[in-house]
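Spelled out from the first residue to the last, the chains are:
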Amino acid sequence: MGDLKKLAGQTAIYGIPTIVGRFLNYLLVPVYTYSLTADRYGVVSELYAYVSFLMIMLTYGMETAYFRFSQEAKDKKTVFNTTMLSLFTTTILFLVLTMCNLGSLSSAMGYSSHKEYIALFLIIVSLDALRAIPYAKLRRENKAARFALIKSVDIFSNILFNLFFFFVLKPDDLVLCIFLSNMFASLIAMLMLLPEYLQFRFKFDFRLLKRMLLYGLPVMVGGLAGMVNETFDRIALKHLVQCPLSVADCESYVMSNIGIYGACYKLSIVMSLFIQAFKFAAEPYFFSKMKNADAKQTYSDVMSVYTLFLLTIFIGVMAYLDILQYFVGSEFRSGLKVVPLLLLANLCLGIYYNLSVWYKVSDKTIYGAYISGMGAAITLVLNYLLVPHLGYMGAAWTTLICYFAIMVICWAFGQKFYPVKYPVKRLSLYTLLALVIVGAIMCNPVANMVLKLLINTVLLLVFVAVAYRFDVRKRLS
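The model shown is predicted, which means the values in this text are computed figures rather than measured ones. (Residues numbered from 1 in each chain as written. Predicted model: local features only at pLDDT ≥ 70, side-chain atom pairs only at ≥ 80, totals over all residues. Heavy atoms only, no water.)

Undergrad: I'd love a proper account of the pattern of salt bridges, names of residues and values included.
TA: When the charged atoms of two side chains lie near each other, side chains of opposite charge can form a pair. Summed over the entire model, instances satisfying the criterion amount to 11 salt bridges. Across the pair Asp173 and Arg40 runs a salt bridge whose closest N-O atoms are separated by 3.3 Å. Of the two residues, Asp173 is situated in the loop between helix H8 (144-169) and helix H9 (174-192) and Arg40 in helix H3 (residues 38-59); the sequence distance between them amounts to 133 residues. Residue Arg40 is classed as partly exposed on the basis of its relative accessible area, which comes to 26%. A salt bridge links Glu46 to Lys238; its shortest N-O distance comes to 3.2 Å. A residue pair is termed long-range when its members are at least 10 positions apart, and Glu46 in helix H3 and Lys238 in helix H11 (residues 206-240) qualify at 192 residues. In this structure Glu46 comes out as buried when scored by relative accessible area, which is 0%. (Salt bridge = Lys/Arg side-chain N within 4 Å of Asp/Glu carboxyl O. Helix = DSSP H or I, 4+ residues; strand = E, 2+ residues; numbered from the N terminus. Buried < 20%, exposed > 50% of the residue type's maximum accessible area, 1.4 Å probe, protein only.)

Shown next, in the form of structure tokens:
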């Protein structure tokens, strides 16, 4: 399984600096949650949810299209130039139009008194969009070390700017400082990508662009629908949470719910980081293997090891949740009950990302849009039904149900159009074992913290030993 080891190595190269950097970035969560009230942190959670939607719209599937058409193109420079010119034009147009209508846009979002928040996040998302293709170019050329370096500098500089604002300058508006830190870090990353930008030439192939758009726009639609699944819950909470009659300040109550949910969502960050690192390495890897005779077997082997790793993370986070809870301020810990649901949801999402290879390599990206659209419909309906009654627990259950549904739907479509023999029964048994172990961890009655953590560690190691002995070892040998 040399190819599998290569993918693992690429995931490590992409992932370790990103994971270390993101983990340090994760340490900003206690900085935020111990310094900001829940309602102020709710502002940060809500606006970054909007950023995610805008990022997908501004890149409109061109990153994936760039990978796809670079793979077969003789003149890869033309693909790069066409993609860059298209994204640059649309991004600048977006920024100009939104800045010219900043007042009305801020009012519509409920931030008429904080237009500067909206202006900064528009700039941040535009800078992110302009970096998408240079980053993709590094990944396509297997320049993982340079990619990881720039990503790490981006993350570390964001951390340093935050620490400078929070502990040195200590201004009144710390929320504004969070957005400023992000913008400054993005500018530094753009400067580091200057060699990639300088390779751009004004060579535009309209026919190529048309083909890329036909390929990429369904990816965008699917991405938007997917982002509804991923971040709409934080937006929905603002409009659907029912304010008790006993609460005097309903706006603060609602924003506090968003802040608590957003902070506890961060406790699933370990799994999210691994999924992100895997995606960076897997997408170009899967495309490079698509024409090999054993491609489907490779995809199946990757799925097995990948799922077992995600299950290990799931158990690990739950095993040490008694420690991890202190990463958020005491005001936010009332939301810890959402953590197991969100971890399971991310597990399903991670598997879905792996399964989605079938419609990307078979040029059936429209099915990605269909699947994500189904998930978006589930998200919208269930949030509407559950959040008014269950609050952020309704949002957590909605997220889990949605991701489980799109995972199953993606697998079913894949078996019809691009059948891969995934070991469904075996992985289901491993998942059941993980759920039993997590159930034992959650019901652990031991009061002594050290002894409790020791028992939880043993349970975690039992799963690791079983997975390695009966599955992972033979696939990596």
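Additional details are given in the paragraphs that follow.
Undergrad: Give me the nonpolar core: which residues, what numbers.
TA: Leu47, Tyr261, Tyr299 and Phe463 are the most contacted members of the largest nonpolar core, which has 158 residues in total. Among the elements that line this core, the one with the most residues is helix H7 (residues 115-140), at 15 residues. (Core = buried A, V, L, I, M, F, W, Y, C linked by side-chain atoms within 4.5 Å.)

Undergrad: Which residues make up the side chain of Glu196, and what are the values?
TA: With respect to the helices, strands and loops of the structure, Glu196 is situated in helix H10 (residues 194-197). Judged by its relative accessible area of 3%, Glu196 is buried. Setting aside chain neighbours within four positions, we find Glu196 in contact with Phe80, Pro134, Leu138 and Arg146. (Contact = heavy atoms within 4.5 Å.)

Undergrad: For the state of the cysteines, give the residues involved together with the corresponding values.
TA: On inspection of all chains with the given rule, the structure shows 1 disulfide. In this model Cys243 forms its disulfide with Cys250; the gap between the sulfur atoms is 2.3 Å. Judged by the torsion about the S-S bond (-90 degrees), the Cys243/Cys250 disulfide is left-handed. Taking the relative accessible area as the measure of exposure, Cys250 reaches 34% and is therefore partly exposed. Cysteine Cys410 is unpaired, with the sulfur of Cys348 as its nearest cysteine sulfur at 12 Å. (Disulfide = S-S within 2.5 Å.)

Undergrad: Talk me through the environment of Lys74; I want residue IDs and the actual numbers.
TA: Counting through the fold element by element, Lys74 comes out in the loop between helix H4 (62-72) and helix H5 (76-100). In this structure, the C-alpha to C-alpha distance between Lys74 and Gly61, residues 13 residues apart in sequence, is 21 Å.

Undergrad: How would you summarise helix H16 (residues 339-355) if you had to cite specific residues and measurements?
TA: Taking 1.5 Å as the rise per residue, H16 with 17 residues should run 24 Å; its terminal C-alpha atoms sit 24 Å apart, in good agreement. Within H16, 16 of the 17 residues are buried, leaving the element largely enclosed by the surrounding structure. (Expected span 1.5 Å × (residues − 1).)

Undergrad: Quick rundown of the packing of H7 against H8? Include the residues and the values.
TA: Following both chains from N to C, one finds H7 and H8 inclined at 145 degrees, their axes separated by 9 Å at the closest point. Between H7, through Arg131, Tyr135, Leu138 and Arg139, and H8, the contact on the second element is made entirely by Arg146, Phe147, Ile150, Lys151 and Asp154. Taken together, the residues of the contact of H7 with H8 sort by class into 4 nonpolar, no polar and 5 charged. (Axes fitted to C-alpha atoms, helices over the stretch in contact; angles between N-to-C directions. Nonpolar A, V, L, I, M, F, W, Y, C, P; charged D, E, K, R; others polar.)

Undergrad: Go over the packing of aromatic side chains with me, naming the residues and quoting the values.
TA: By the definition in use, this model includes 24 aromatic pairs. When the ring of Phe69 is compared with that of Tyr215, the centres are 5.8 Å apart and the planes differ by 85 degrees; the resulting orientation is edge-to-face. Residue Phe69 is found in helix H4, and its partner Tyr215 is found in helix H11; the two are separated by 146 residues along the sequence. In this structure, Phe69 and Tyr215 share a single accessibility class: buried. Among the aromatic residues, ring-to-ring pairing joins Trp358, Tyr359, Tyr367, Tyr370, Phe413 and Phe417 into one connected group. Directly above the aromatic system of Tyr265 lies the positively charged group of Arg234, at a separation of 4.3 Å from the ring centroid. (Phe/Tyr/Trp six-rings, centres within 6.5 Å; stacked < 30°, edge-to-face > 60°. Lys NZ or Arg CZ within 6 Å of the ring centre and 35° of its normal.)

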